[in-house]
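# Survey of secondary and tertiary structure
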Amino acid sequence: MQAVTRGAQPERRTVLRAGAAAATTTAALWASGCAADDDGVSADGTVTIEMWHGQTDTGKKAMDSLVASFMRSHPRIRVQLGGGVLADAMLQKVTAALAAGSYPDIAYIFGSDLASVAHSPQVADLTDMVGHAGTPWTNYWVPARQAVTVNSQVRAAPALLDSLAVVCNRKLFRQAGLPLPEAGWRWDDFVATAKALTDTDGGRFGTGWPGVGDEDTVWRMWPLIWDLGGDVVADDGKHIGFGDTGARALEVVAALARDKSVYVDPKPGSEQMYQVFLSNRMGMAVTGPWQLPDILQAKIDYHVVPLPTFSGRPVTISGPDTWTVFDNGAARTQAAKTFVSWLMQPAQDVRWDIDAGSLPLSRRTRDLPAWHHQENDTEGLDVFTKALDSARVRPVHAAYPQISQALGQAVVAVLLGRSSPAQALRSCAADANAALLIPR
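The model shown is predicted, which means the values in this text are computed figures rather than measured ones.

The rules we used
- Residues numbered from 1 in each chain as written.
- Predicted model: local features only at pLDDT ≥ 70, side-chain atom pairs only at ≥ 80, totals over all residues.
- Heavy atoms only, no water.
- Helix = DSSP H or I, 4+ residues; strand = E, 2+ residues; numbered from the N terminus.
- Contact = heavy atoms within 4.5 Å.
- Areas by Shrake-Rupley, 256 points an atom, 1.4 Å probe, with all protein chains shown as cover.
- Lys, Arg positive; Asp, Glu negative; His and termini not counted.
- Charge placed at Lys NZ, Arg CZ, Asp CG, Glu CD.
- Pairing = 2+ DSSP bridges.
- Axes fitted to C-alpha atoms, helices over the stretch in contact; angles between N-to-C directions.
- Parallel < 35°, antiparallel > 145°, perpendicular 65-115°, else oblique.
- Left-handed = near helix turned anticlockwise from the far one by under 90°.
- Nonpolar A, V, L, I, M, F, W, Y, C, P; charged D, E, K, R; others polar.
- 1 Å grid on protein atoms, 1.4 Å probe; cavity = no way out; pocket = protein on both sides within 12 Å on 5 of 7 lines; lining within 4 Å.
- Points joined across faces, edges and corners; volume = space filled by probe spheres on them.
- Phe/Tyr/Trp six-rings, centres within 6.5 Å; stacked < 30°, edge-to-face > 60°.
- Buried < 20%, exposed > 50% of the residue type's maximum accessible area, 1.4 Å probe, protein only.

### A look at the overall build of the protein
Helix and strand counts for the protein stand at 20 helices and 16 strands. Each principal axis of the C-alpha distribution contributes one length, and for the protein these read about 70 × 50 × 40 Å. For the protein, contacts bridging at least 24 residues in sequence account for 78% of all contacts bridging at least 6. Counting only carbon and sulfur atoms, one obtains 51% of the accessible surface of the protein, whose full area is about 17,200 Å². Charged side chains in the protein number 39 positive and 45 negative. The centres of these two groups are separated by 3 Å.

See the structure below:
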């Protein structure tokens, strides 16, 4: 049964993409030779900076409020919000702006795009800034720190933090006579549960998976691969690190496809997949905390459980995004650093997390009464927060877009029954290994 397409309101994380276009941007990033001519300093010493925020209506409203608060406490810095594009189009816009020599002071850059953007000499080094910030750098969750670190330098500030877990529809579990899963369950349990929840004639699916081959398709695979002992890139840096484990992970996908228990979303953004869940026609959705507001609005009786594992050890993935600062001269760069440093602090971070739908960047934010209140009022939110203890991130590696593209094609081939896991992984390895041999 075809899912009903959601209306015009876009999701905050429309596409969890790998920046496939990033492979072609390096030369353009290096082509930008100088900072913007306007130093942004007025006669009275006020510095004006421009931020390309990349947010939809909800995130934009939250950022408007934060900017207003910042400018009240920092009257010598003016922050102008702009950009005109959502986050999934930001890489292309920033790349063009850098090539033209007219770029913002701050931009919202996907973490998976940072390695390519950081090739530009106009990207500021924030290592010293985070080392002297009010919250110790080590108090931030490991995924938040790793996602902004390139070659041991902090090249951006963490802007958003999330994690993956499984959201279950209690009503469908009751109808199927199934107990709700608990922490410590295995992928075999997931496959069996999805099969038991499926009613092909009634148009009900056990679970769903994005079927476009983009990053939304791919990033769900990494927790399986990591749990099996694999990695994105091997220690030698010349080969993928999931040559064997990738095929085993794809067996889970193949089992779901054989059982016809998985709804394969054919369109980018996973809108149709989520709409199937929100219309009580899907038992389990592997998703993040950003989906909880829609689930609550749809009045779904739900339960959140950590991802299954093969080993019994908890593991998940986080896809942090960044506030990347660009060098437009000393005054504007310092003002931009002041603003993003302020945003990262718990008092502001908790406002952003609650209003825009993120998880706390640091343990200090997590420990605030406001966040505890948010967790108490939102079923399952604490599961996503606790998952940060075991979350890993994709490597900040210039070849990642090509690796992701190759793995995405493999996942789709298995989902659609066009290839076995072993065959799909061999094809993936050939393309991804070739990308890793390209000098960077």
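Next comes the rest of the write-up.
### Observations regarding the sheet that holds strand β1 (residues 47–52)
Each strand in a sheet pairs with its neighbour through backbone hydrogen bonds, running either in the same direction (parallel) or in the opposite one (antiparallel). If you walk across this open sheet you meet the five strands as β2-β1-β3-β15-β6, and the pairing is mixed. Each of the sheet's edge strands pairs with one partner strand only, and the pair in question is β2 (77–82) and β6 (157–160). Neighbour-to-neighbour, the strand axes of this sheet turn through a mean angle of 30 degrees, independent of strand direction. Sheet topology places strand β3 (residues 106–110) next to strand β15 (residues 321–325); five bridges connect them, and they run antiparallel. Its bridge partner being in β15, Y108 is matched across the sheet by W323. Against the sheet, helix α3 (residues 90–100) touches β1 and β3, its axis set at about 135 degrees to β3. The strands touched by helix α14 (residues 330–344) are β1, β2, β3, β6 and β15; relative to β1, the strand with the most contacts, the crossing angle is about 60 degrees.

### So, the packing of helix α2 (residues 57–73) against helix α15 (residues 346–356)
Packing of α2 against α15 brings their axes to within 9 Å, and their N-to-C directions diverge by 160 degrees. Taken together, the axes of α2 and α15 are roughly antiparallel relative to one another. The two elements α2 and α15 cross, and the hand of that crossing is right-handed. Mapping the contact onto sequence places T58, G59, A62, M63, S65, L66 and S69 in α2 and Q348, R351, W352, D355 and A356 in α15. When grouped by side-chain class, the residues that make up the contact of α2 with α15 number five nonpolar, five polar and two charged.

### What to know about the layout of surface pockets
When its volume is computed, the second largest pocket comes out at roughly 320 Å³. Looking at the lining of the second largest pocket element by element, the count peaks at four residues for helix α18 (residues 381–387). Looking at the lining of the second largest pocket residue by residue, the class counts come to 10 nonpolar, five polar and four charged.

### As for the sheet that holds strand β7 (residues 165–169)
One open sheet accounts for three strands, arranged β12-β7-β13; its pairing is antiparallel. Only two strands of the sheet have a single neighbouring strand rather than two, namely β12 (284–287) and β13 (302–305). Taken over all neighbouring pairs, the strand axes of this sheet differ in orientation by 25 degrees on average, direction set aside. Across four bridges, β7 lies against β13 in antiparallel orientation. What sits directly across from V167, in β13, is V304. Docked against the sheet, helix α12 (residues 271–278) engages β7 and β12, running at close to 140 degrees with respect to β12.

### What about the packing of aromatic side chains?
A full pass over the atoms with the stated rule returns 14 aromatic pairs. Considering the side-chain rings of W187 and F190, the 5.2 Å spacing of their centres and the 70 degrees angle between planes classify their relative orientation as edge-to-face. Within this pair, W187 and its partner F190 are both found in helix α8 (residues 187–197), separated by three residues, close to a single helical turn. The same class applies to W187 as to F190, namely buried. For the pair W222 and F242, a centre-to-centre distance of 5.2 Å together with 80 degrees between the ring planes defines the contact as edge-to-face.

### A closer look at unusual backbone geometry
At S152, a position not held by glycine, the phi torsion is positive, near 70 degrees. Examined against the element boundaries, S152 turns out to sit in the loop between β4 (149–150) and β5 (153–154).

### Focus: the pairing of β12
Neither face of β12 is open: one carries M284 and V286, the other A285 and T287, and all of them are buried. Of the pairings in the sheet, the one linking β7 to β12 comprises four bridges and is antiparallel in character. Its bridge partner lying in β12, C168 is registered against M284.

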